[in-house]
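Each chain, letter by letter, is given below.
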Amino acid sequence: MSKHATPEDLEAAMLALLKERGPGKTIGPADVAQALGGNQPEGWGPLMKPVRKVAVRLMKEGRIVILRKGRPVDPDDFSGTYRLALSPIQDP
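A brief structural summary.

Criteria and cut-off values
Residues numbered from 1 in each chain as written. Predicted model: local features only at pLDDT ≥ 70, side-chain atom pairs only at ≥ 80, totals over all residues. Heavy atoms only, no water. Pairing = 2+ DSSP bridges. Helix = DSSP H or I, 4+ residues; strand = E, 2+ residues; numbered from the N terminus. Contact = heavy atoms within 4.5 Å. Axes fitted to C-alpha atoms, helices over the stretch in contact; angles between N-to-C directions.

Topic: the sheet that holds strand 4 (residues 83-86)
Logical step 1: Strand order in the open sheet formed by four strands is 1-4-2-3, with antiparallel pairing between adjacent strands. Either end of the sheet is taken by a strand with one partner, and the two such strands are strand 1 (26-27) and strand 3 (71-72).
Logical step 2: Judged from the two bridges that link them, strand 1 and strand 4 form a sheet pairing that is antiparallel. If you follow Thr-26 over to strand 4, its bridge partner there is Ala-85.
Logical step 3: Relative to strand 4, helix 1 (residues 7-21) is tilted by about 70°, and along the sheet it contacts strand 1, strand 2 (64-68) and strand 4.
Logical step 4: Strand contacts of helix 4 (residues 48-60): strand 2, strand 3 and strand 4, with the helix running at about 115° to strand 2, the strand carrying the most contacts.

In structure tokens, the structure reads:
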């Protein structure tokens, strides 16, 4: 399934997981990748870079926030472990 995951699939999964968690809660990028690619690393691993690209786009659109150590990052310049949250200005 992971080989066929489109950016639209990743966006839908990301937003669904975030809405399910609720305002003020976060998810990891691996949660999104595993939702589409399954629990085996060979399924979800290849989705990690596409998940990041979708997250960056959604942050630039103001729909989500990418957090590192609990603080919003510059979507064009961040590295390491990060979390995703709904934008506080977006309706739940």
